Amino acid sequence: MAKFKIENHNLVPKHSKLSKDETEELCKRYRITVKDLPRIHHKDAAIAAMNVKENDVVKIERKSPTAGLSVFYRRVSRD
């Protein structure tokens, strides 16, 4: 039996890990630090296969009927 990949499910928004440069640009643009971002647990099913470590930043892109595309950022946490 094939293993189910949650990241391929149509109700799971696109998750992608930001590079170090992208993270620095995000923080600079919004005048924040990585610690200011909301958290996502490192064992969250949507990012479990992404090879993320604590304090990496994940970009989440959700389709919205009113906004078209909504983008959110989360800091990977072990808490």
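See the structure shown above.
Read on for a plain summary of the structure. (Residues numbered from 1 in each chain as written. Predicted model: local features only at pLDDT ≥ 70, side-chain atom pairs only at ≥ 80, totals over all residues. Heavy atoms only, no water.)

## Examining the nonpolar core
- Membership of the largest hydrophobic core is limited to seven residues, which are Leu18, Leu26, Cys27, Val34, Leu37, Val57 and Tyr73.
- With residues near it in sequence (within four places) discarded, Tyr73 still touches Leu18, Leu26, Leu37, Pro38, Val57, Val58 and Lys59.
- Counting six residues, the second largest nonpolar core, distinct from the first, contains Ile47, Val52, Ile60 and Val76. (Core = buried A, V, L, I, M, F, W, Y, C linked by side-chain atoms within 4.5 Å. Buried < 20%, exposed > 50% of the residue type's maximum accessible area, 1.4 Å probe, protein only. Contact = heavy atoms within 4.5 Å.)

## Brief notes about the pattern of salt bridges
- Tallied over the full model, the rule gives four salt bridges.
- A salt bridge links Lys14 to Glu61, with the nearest nitrogen and oxygen atoms 3.7 Å apart. Of this pair, Lys14 sits in strand β1 (residues 14-17) while Glu61 sits in strand β3 (residues 57-64), and the two are 47 residues apart along the sequence.
- Residue Lys14 is classed as exposed on the basis of its relative accessible area of 52%.
- Across the pair Lys17 and Asp56 runs a salt bridge, and its minimum N-O distance is 3.4 Å. With Lys17 in strand β1 and Asp56 in the loop between β2 (39-41) and β3, the pair connects residues that are 39 residues apart, well separated along the chain.
- What makes Lys17 partly exposed here is its relative accessible area of 36%.
- Given a relative accessible area of 11%, Asp56 falls into the buried group. (Salt bridge = Lys/Arg side-chain N within 4 Å of Asp/Glu carboxyl O. Helix = DSSP H or I, 4+ residues; strand = E, 2+ residues; numbered from the N terminus.)

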